[in-house]
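Fold and contact review
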Amino acid sequence: MDLFRKIFYPIESTVYFILLVLAITTVAGSTHYWDATQATTIIIAAATGMVGIWCPPLVEKLFKLKFSHLIDIIIAVDLFAAVVLGEACTFYYRFQGMDKFFHFFATAELALGGYVVAKYILAKTNKGTHQVALALVFGFFFAVAFEAAWEVYEFAYDTLAGTNMQKYIPPEYYELLDEDGNLTLSMEEIANFYRTFEGYHYALDDTMYDILADVGGGLFGCLSCAVVFHFYPQLQDKIIYRPVENEVLYGEEEKTADRKNN
């Protein structure tokens, strides 16, 4: 691990560890930073963040490549936005559309990551044509599949831990939850909302708009890769990742192939 990661990773881990401790003390009743349901969500999100920051080294080990620090920074920004801003600072409830904004750009970044990983593998295994097209297709479906798995993750914790990750409880009602996560409204008031079109579509709409934001972000990410890397293929090596020692860079490999053909 280089010096950047030796400094950066402990800082990230400390942030999520502090959030984890504060959320646990809130659930235990020692502090009152959030309500019990939100604190439970933050516990799950903080634990996920502490695991997520170690994804780049794991992928590097599996695929025998080396990511640039840009990947570490992108993942750190995404986790900070989702966990610290979205959940701990309740931006998801304070600002309409913030969740979709995060979904869009996270999926765009995942498409970028999927593209460069696929391009790296195809450069070793596929010496024919259409490498870029295949990498773009892989990048898109990799990003959308990852976000689909995220929706399953949210559903699982909403079911098992009684959280509100899928936002099936409207923001205006969220403040009316008691310590056990139950609405303090009367049964008639609850029924009146959930029997309306808005009510019984509320959670479904949130998930479907998340998926639409994911698809849009995946397309945006792939199109950006196609345009930028078409004109600047060397950026695949210099900005996104750098191969392990003694590997040939994509740009250099392509130049070598052109010289042989000419």
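Residues numbered from 1 in each chain as written. Predicted model: local features only at pLDDT ≥ 70, side-chain atom pairs only at ≥ 80, totals over all residues. Heavy atoms only, no water.

Helices and strands together make up the secondary structure of the protein, namely 12 helices and 0 strands. Ordering the α and β elements of the protein from the N terminus gives α-α-α-α-α-α-α-α-α-α-α-α. Of all 262 residues assigned to the protein, the portion counted as buried reaches 40%. In the protein, once contacts between residues fewer than 6 apart in sequence are set aside, the share between residues at least 24 apart is 68%. As displayed, the protein has an accessible area near 14800 Å², and 68% of this comes from carbon and sulfur atoms. (Helix = DSSP H or I, 4+ residues; strand = E, 2+ residues; numbered from the N terminus. Buried < 20%, exposed > 50% of the residue type's maximum accessible area, 1.4 Å probe, protein only. Contact = heavy atoms within 4.5 Å. Areas by Shrake-Rupley, 256 points an atom, 1.4 Å probe, with all protein chains shown as cover.)

This brings us to helix H4 (residues 69-88). Structural remark: α-helix, 3.6 residues per turn; residues separated by three or four positions point the same way. Helix geometry: H4 is bent most strongly at Phe-80, by close to 30 degrees. Regarding H4, the residues found buried are Ile-71, Asp-72, Ile-74, Ala-76, Leu-79, Ala-81, Val-83, Val-84, Gly-86, Glu-87 and Ala-88. Count one or two residues on from H4 and you reach Thr-90, which has phi positive near 55 degrees. (Bend = angle between axes of the 7 residues up to and from the residue.)

The tally for this structure, following the rule as stated, stands at 14 aromatic pairs. Pairing Tyr-9 with Trp-54 gives two aromatic rings, centres 4.9 Å apart and planes at 85 degrees, and the pair type is edge-to-face. A residue pair is termed long-range when its members are at least 10 positions apart, and Tyr-9 in helix H1 (residues 3-28) and Trp-54 in the loop between helix H2 (36-52) and helix H3 (55-63) qualify at 45 residues. The class for Trp-54 is partly exposed, based on a relative accessible area of 40%. Aromatic rings pair up to connect Tyr-92, Phe-101, Phe-102, Phe-104, Phe-105 and Phe-220 into one cluster. (Phe/Tyr/Trp six-rings, centres within 6.5 Å; stacked < 30°, edge-to-face > 60°.)

Take the confidence of the model for the protein next. Mean pLDDT over the protein works out to 83, with 84% of the residues at or above the 70 mark. The least confident element of the protein is helix H12 (residues 250-261), whose mean pLDDT is 48; the most confident is H1, at 94. A low-confidence stretch, residues 246-255 stays under pLDDT 50, and its non-local contacts, those more than four residues away or across chains, total 18 contacts. (pLDDT = per-residue confidence, 0-100.)

Below, the discussion takes up the packing of H4 against helix H6 (residues 98-125). Two packed helices can be described by the angle between their axes and the distance between those axes. Viewed as axis vectors pointing N to C, H4 and H6 meet at an angle of 160 degrees, and their least axial separation amounts to 11 Å. Considered as vectors, H4 and H6 are oriented roughly antiparallel to each other. Once H4 is placed against H6, the crossing between them reads as left-handed. Contacts between H4 and H6 involve Ile-74, Asp-78, Ala-81 and Ala-82 on the former and, on the latter, Phe-102, Ala-106 and Glu-109. Partitioning the contact of H4 with H6 into residue classes produces 5 nonpolar, no polar and 2 charged. (Axes fitted to C-alpha atoms, helices over the stretch in contact; angles between N-to-C directions. Parallel < 35°, antiparallel > 145°, perpendicular 65-115°, else oblique. Left-handed = near helix turned anticlockwise from the far one by under 90°. Nonpolar A, V, L, I, M, F, W, Y, C, P; charged D, E, K, R; others polar.)

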